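Geometric and topological summary
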Amino acid sequence: METKLLSTDDESLEYAAELLRNGKVVGIPTETVYGLGANALDINAVGDIFKAKGRPQDNPLIVHISELSQLDGLVEDIPDLAKKCAEAFWPGPLTMIFKKKAIIPDTTSGGLDTVGIRMPSNKVARKIISLAGVPIAAPSANLSGSPSPTTAMHVFKDMNGRVPAIVDGGMSAVGVESTVINFEGDGIRILRPGFISKEDLTEITDNVIIDKGVLEQLSPDTVVRSPGMKYRHYSPTADVTIIDADADKFRAFISEHADSETVCLVFDESDCEGTGLRFINYGANSKQQAQRLFDALRELDEIGAKKAFARCPEKTGVGLAVYNRLLRAAGFQVIKL
Ligand code: AMP
Ligand code: MG
């Protein structure tokens, strides 16, 4: 099939919405990363998302809404904490897990009796959802196993010939996928870190915990609360190692251990000054690093890097999300100096 690149003018968005209403899969921009959207209530449409991505059937999709009023029709009960989170962080990069109503097909929820719901802040995304008139299931628009797409071109590279259209809404503002949380007792558990940080959630309740799967490699037989955590994610061909060190120690380490096929992922070019090594600058602070990380990982592949040393991001705020994604790209290889 031919894949059309659409702009964000009214006519194009109406066309994208029509495709969605007709059970087709469309690449759409959101503030986190690009999504591969389809009618969340249509088993065949949702099945086509899994096919286009090559995604395992038991890895659930997040359902996107454009109005808070849609929530009631999709989920069983809404805890008070969820209402507070919605007020504080929606529209925005926060996904909340609820008990699902029967209207959500098992295909969408990966066989679980729960469903993740999010209201994106990206205006184009909300307009498409609202024009389509149905909740939109949308995982990241990459092929399963490659980095999440943060530009329409990334989506095109992975999905050309697999979906009828991609809406080009420019570069994703946040750059990492949404924070995923569930509610346990009177607390919040972070299943996947994102732009809405633990620090942000602590404004709602003191009782916020980070799930073990965020920073640790789970053994294949662990029962996980968030199925995405057990899959190997975002891994470039290069063998990536995270170097947890300040600039001076990082420079000394790479001078000693890098070879001509090594590429360094750095905060600033001074991190590898004088080493003559190839480098990719992925940003001086956590916000920039979130925006650029996935593009940097794709670039590693494009330039054919065999080995990569990455400077370790901060582990607080949105930095925790960057670290979580980089850890997976590195297969959990970290050297602390
Ligand atoms: P992606 O669509 O690629 O951003 O991945 C969505 C991720 O959200 C999944 O891989 C899960 O880890 C998580 N998720 C979605 N729905 C649920 C759910 N009902 N329960 C737990 N985690 C979920
Ligand atoms: Mg994904």
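As shown above, the structure is provided for reference.
Thresholds applied
Residues numbered from 1 in each chain as written. Chains lettered and ligands numbered in written order. Predicted model: local features only at pLDDT ≥ 70, side-chain atom pairs only at ≥ 80, totals over all residues. Heavy atoms only, no water. Pairing = 2+ DSSP bridges. Helix = DSSP H or I, 4+ residues; strand = E, 2+ residues; numbered from the N terminus. Axes fitted to C-alpha atoms, helices over the stretch in contact; angles between N-to-C directions. Contact = heavy atoms within 4.5 Å. Salt bridge = Lys/Arg side-chain N within 4 Å of Asp/Glu carboxyl O. Buried < 20%, exposed > 50% of the residue type's maximum accessible area, 1.4 Å probe, protein only. Near = heavy atom within 4 Å. Polar contact = N/O pair within 3.5 Å; in protein donor to acceptor, adjacent residues only side chain to side chain. Areas by Shrake-Rupley, 256 points an atom, 1.4 Å probe, with all protein chains shown as cover. Nonpolar A, V, L, I, M, F, W, Y, C, P; charged D, E, K, R; others polar. Core = buried A, V, L, I, M, F, W, Y, C linked by side-chain atoms within 4.5 Å. Phe/Tyr/Trp six-rings, centres within 6.5 Å; stacked < 30°, edge-to-face > 60°. Lys NZ or Arg CZ within 6 Å of the ring centre and 35° of its normal. Parallel < 35°, antiparallel > 145°, perpendicular 65-115°, else oblique. Left-handed = near helix turned anticlockwise from the far one by under 90°.

Let us look at the sheet that holds strand β7 (residues 136-137). Ordered in space as β1-β8-β2-β3-β7-β4-β6-β5-β9-β10-β11, the eleven strands form an open sheet in which the pairing is mixed. Lying at the two open borders of the sheet, with one neighbouring strand each, are β1 (4-6) and β11 (208-210). Note that strand β5 (residues 94-99) and strand β6 (residues 114-118) share four bridges and pair antiparallel. What sits directly across from Phe98, in β6, is Val115.

Here the focus is the sheet that holds strand β13 (residues 262-266). Strand order in this open sheet of five strands is β14-β13-β15-β12-β16, and the pairing throughout is parallel. Of all the strands in the sheet, just β14 (278-281) and β16 (334-336) have a single pairing partner and so form its edges. Going from strand to strand, the sheet's axes swing by 25° on average, the running direction of each strand aside. Strand direction decides the pairing type here: strand β12 (residues 239-244) and β16, joined by three bridges, are parallel. Bridge pairing in β16 links Asp244 to Lys336. Sheet strands touched by helix α9 (residues 319-329): β12, β13, β15 (307-311) and β16. Its angle to β12, the strand with the most contacts, is close to 140°.

What follows is about the pattern of salt bridges. Throughout the structure, instances matching the rule amount to 17 salt bridges. With a shortest N-O distance of 2.8 Å, Asp10 and Lys127 are connected by a salt bridge. Highlighted residues: Asp10 in helix α1 (residues 10-21) and Lys127 in helix α4 (residues 123-132), separated in sequence by 117 residues. The class of Asp10 is exposed, set by a relative accessible area of 53%. Salt-bridge contacts for Glu31 lead to Arg118; the nearest nitrogen and oxygen are separated by 2.7 Å. One end of the pair, Glu31, is in the loop between β2 (26-28) and β3 (35-39); the other, Arg118, is in strand β6, and 87 residues separate them in sequence. In this structure Arg118 comes out as buried when scored by relative accessible area, which is 1%. Here the salt bridges share partners, and the residues they tie into one network are Glu184, Arg189 and Asp211.

Looking now at the site of ligand 1. The local shell around ligand 1 holds 17 residues, among which Asn59, Thr114, Arg192, Ser226 and Gly228 are the closest. The side chain of Arg55 places a nitrogen or oxygen atom 3.2 Å from an oxygen atom of ligand 1. Ser140 places a polar side-chain atom, nitrogen or oxygen, 3.3 Å from an oxygen atom of ligand 1. Burial of ligand 1 by the surrounding chains reaches 95%, relative to a free accessible area of 500 Å². The element that contributes the greatest number of residues to the shell around ligand 1 is β6, accounting for three residues. Residue classes in the shell around ligand 1 are distributed as eight nonpolar, six polar and three charged.

Our next topic: the nonpolar core. Of all hydrophobic cores here, the largest spans 43 residues; its most connected members are Cys85, Trp90, Leu94, Met96, Ile117, Ile181 and Leu201. Look past the residues within four positions of Leu94 in its chain and what remains in contact with it is Cys85, Phe89, Ile117, Arg118, Ser178, Thr179, Ile181, Ile196 and Leu201. Val33, Ile280, Leu293 and Cys312 belong to the second largest nonpolar core, which has 29 residues in total.

Moving on: the packing of aromatic side chains. Evaluated as defined, the whole model comprises three aromatic pairs. Where Phe98 meets Phe183, the ring centres are 6.4 Å apart and the plane angle is 40°; that geometry is what we call tilted. Highlighted residues: Phe98 in strand β5 and Phe183 in strand β9 (residues 179-184), separated in sequence by 85 residues. The residues Phe98 and Phe183 share a single accessibility class, namely buried. Its end group placed over the ring of Tyr323, Lys315 keeps NZ or CZ at 5.0 Å from the ring centre.

Before going further, it helps to spend a moment on the packing of helix α8 (residues 286-302) against α9. Between α8 and α9, the least distance of the axes is 8 Å, while the angle of their chain directions is 20°. Taken together, α8 and α9 sit at an angle that is classed as roughly parallel. Both α8 and α9 take part in a crossing whose hand is left-handed. Judged by residue contacts, Ser286, Gln289, Ala290, Leu293, Phe294 and Leu297 of α8 engage Gly319, Val322, Arg325, Leu326 and Ala329 from α9. Within the contact of α8 with α9, the residues separate by chemical class into seven nonpolar, three polar and one charged.

Read these as spatial facts, not as claims about activity.
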